[in-house]
Amino acid sequence: MSDAPVIELRGIVTRFGSNLVHDGIDLSVARGEVVALVGGSGSGKTTLLRHMIGLTRPARGEVSLFGEPLFSGSLREQRARRRRFGVLFQHGALFSALNVAENIGFPLRELHVVTPKEIRDLVALKLAMVELEPSTALLMPAELSGGMVKRVALARALALEPELLLLDEPTAGLDPDRSAAFVELVRSLQAQLELTVVLVTHDIDTLAALSSKVAILAERRILSYASQEKTMELDHPFVASFFRGEFGRRAIARSRGKT
Amino acid sequence: MRAPTASCGLSAGSGARPECRLEGDWTLRALAPRADEFRRLLARAGQGASWKLDGVTRLDSFGATLLWHAWREQWPEDLSADDELRAVIGRIAATAAEPLPEARAFTLTDAIVVLGAALLGFANHLAGFVRLAGQLCLDIAYLLRHPGDWPLREISANFYKVGAKATPVAALVGFLIGVVLSYLSALQLRAFGADIYIVNILGLGIVRELGPVLVSVLVAGRSGSAMTAQLGVMRVTEELDALSAMGISRTVRLVLPKVVALTVAMPLLVLWTSAVALFGGMVSAWVQLDLGFGFFLDTLPRVVPVANLYIGLAKGAVFGLSIALVACHFGLRVRPNTESLSTNTTASVVSAITVVILIDAVFAIATRSIGVPG
Ligand SMILES: Nc1ncnc2c1ncn2[C@@H]1O[C@H](COP(=O)(O)OP(=O)(O)O)[C@@H](O)[C@H]1O
Ligand SMILES: [Mg+2]
């Protein structure tokens, strides 16, 4: 079981009306990898992520999670499969009518397996994991700052002890300090919980610090899928402007200096 | 995934201490189907047992919580586990030691406070409502001095939405009510041989009373709720703040067009609905009592003074004004969460209908000597 890829995309084609977004995308993510999905704005990264979690279905092609087609099996099996991954949506998508603790405890409560006392301790643990004060537990989502929203959303994504974590633009909208701290947090959690992570980003700092592999989405397909070093050497206009621009070079130098 | 197992019992020769041996994956996913069973088993063994966790292949925080609670939040004296497992359990131990702040429980004093808050909340609503109405008056005064600033496009768009698009459903409801009313009255009137009084009953009832109230209930449910929800979602998505930041008055841009459009559209809707309802009544009277259309139309202006029509239209305008004001008032009170949105939308529709009926009663008293024959 553990040698099957966690995510496998085969021949994904997506179109919105006449707008062809993906034209034959193949991607396979092995257990324990941290894969960054990069590409220009509007290149279809979010859409691809939504295919992976089954929110939308591609026009053609197949999505497999944990070695099984995403929509195979009974309703029970499909639901169980959904509980094996956690998602951090681009804007957090916290339930605005629930406070922080209820948001994090919500998926656990829905399982009908965990007792209230256990939920309380688990919520406290997840809050501590994402480095939030216990006093934030009673705040409502509208009272949180952007960085806190991301942390709470991450805690909620971790509530069901997922094996796979999908992050959509985890650092967009955070200032550089917060963003670096958040990246550090994801990295330590990834190591601690042995997660497989797929993150969508166009923040090169995030990418340089986190990912073990980089998938470049451009011209409607996966242009390259290789380690960071290999990707850097690629000869393509997108790669050139993305990584070898002034800004990109500096970011990568910074992350090299740190590690 | 290896299924979790636990065997607890007195092992041979180890004295009085029972031994618990855990194996397999102690993760949420693996434990979920049999969580209760494990919870009981572990609790029975308790913290005093001798715990052998060497066979555990994976332990996540749920598994750790299960153990920690079974141990009554203390490390057992006799525990054999590697450092990694101890670290996982240690994390839950550390956070369980300082629990999260609890939302305060609900007590009797809270009940009294809630009651008082409801009363004060009513005063608060009243004040907010008056403030909104006052702001609108100021806006209108300003717009009268600067005629170029009237939000004409918004008014026209709202007029189309609340007026023109409501005509089919208003007609349907009006026609059916007219038919039903006429049918029920005809049954009674025939018993007294007072057939022709059907025109009086229908004319007075529909034009003066039923038409305006019927349309108001319809519009409150249809347009009032939409207005509240729209303003509410604009609050949730911070569009209201964006408008304020651009220095655009939300009352001029959002509230005024709705209020003006509904105040103008409602009398027209009342006229339309009353006409269709009368037509429905006419059809029913013709079928039931064999009363011709010509006779009906001839008699109507004679037995129903035209003042009733004016009263009906005036009611329509006032009802429209109140529904729009109430809807906008509640829309602007929405706080940025979905629960508040739903509460305020409900409150908006209920209050609008209540206010309409109250104003209708006031109208009935104020116009009691106008337009009624005899
Ligand atoms: N629901 C939708 N309907 C129509 N077009 C869409 C929809 N969602 C995304 N698109 C289009 O698909 C393309 C990719 O969008 P998206 O995946 O959000 O890009 P990004 O890489 O910036 O996350 C864009 O051109 C967008 O306009
Ligand atoms: Mg996106």
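Refer to the structure presented above.
Description of the structure in this document. The model shown is predicted, which means the values in this text are computed figures rather than measured ones. (Residues numbered from 1 in each chain as written. Chains lettered and ligands numbered in written order. Predicted model: local features only at pLDDT ≥ 70, side-chain atom pairs only at ≥ 80, totals over all residues. Heavy atoms only, no water.)

### Things to note about the overall build of chain A
Applicable threshold: What counts as a helix is a DSSP run of H or I of at least four residues, what counts as a strand is a run of E of at least two, and both are numbered from the N terminus. The atom set for the radius of gyration is the C-alpha atoms, and the globule formula is 2.2 Å times the number of residues raised to the power 0.38. When checking whether two residues touch, look at their non-hydrogen atoms; a contact exists if any pair is within 4.5 Å. Surface exposure here means Shrake-Rupley accessible area, sampled with a 1.4 Å probe, where a residue is shielded only by the protein chains that are shown.
When its secondary structure is counted, chain A shows 10 helices and 10 strands. Taking 2.2 N^0.38 as the reference for a compact globule, 259 residues should give roughly 18 Å; the C-alpha atoms of chain A span a radius of gyration of 18 Å, in line with that estimate. If one aligns the C-alpha atoms of chain A with their principal axes, the spans along those axes are about 55 × 45 × 35 Å. Once local pairs closer than 6 in sequence are excluded, the contacts in chain A between residues at least 24 apart make up 65%. For chain A, the exposed area adds up to about 11600 Å²; of that, 52% sits on carbon and sulfur atoms.

### Description of a nonpolar patch on the surface
Residues and elements named next belong to chain B. Quick note on the threshold: Grouping into patches uses exposed residues only, defined as over 30% relative accessible area, and leaves out salt-bridged ones; the cut-off is 9 Å for like charges and 5 Å for nonpolar side chains (Val, Leu, Ile, Met, Phe, Trp, Tyr). The salt bridge definition used is simple: a Lys or Arg side-chain nitrogen within 4 Å of an Asp or Glu carboxyl oxygen. To sort residues, take the accessible area from a 1.4 Å probe on protein chains only and compare it with the maximum for the residue type: under 20% means buried, over 50% means exposed, and anything in between is partly exposed.
Residues Val180, Tyr183, Leu184 and Leu187 make up a contiguous nonpolar surface patch of about 360 Å² in total accessible area. Within the secondary structure layout, Leu184 lies in helix α7 (residues 167–192). Looking at Leu184, the relative accessible area reads 48%, which means it is partly exposed.

### Let's talk about the site of ligand 1
Residues and elements named next belong to chain A. The test is simple: The near set for a molecule or strand comprises every residue that places at least one heavy atom within 4 Å of it. Polar contacts here mean pairs of N or O atoms no more than 3.5 Å apart (in protein, one a potential hydrogen donor and the other a potential acceptor; neighbouring residues in sequence count only if both atoms are side-chain atoms). Classification used: nonpolar for Ala, Val, Leu, Ile, Met, Phe, Trp, Tyr, Cys and Pro, charged for Asp, Glu, Lys and Arg, polar for all others including Gly.
The environment of ligand 1 is made up of Phe16, Asn19, Val21, Gly40, Ser41, Gly42, Ser43, Gly44, Lys45, Thr46 and Thr47. Ser43 has a polar backbone atom sitting 3.3 Å from an oxygen atom of ligand 1. Within the contact set of ligand 1, an oxygen atom lies 2.6 Å away from a side-chain nitrogen or oxygen of Thr46. Isolated, ligand 1 exposes 560 Å² of accessible area, and the fraction of that covered by the protein chains is 56%. Elements with a minimum of two residues in the shell around ligand 1: β2 (19–29) and α1 (45–52). Ranked by the residues each element gives to the shell around ligand 1, the list is headed by α1, at three residues. The class makeup of the residues in the shell around ligand 1 is two nonpolar, eight polar and one charged.

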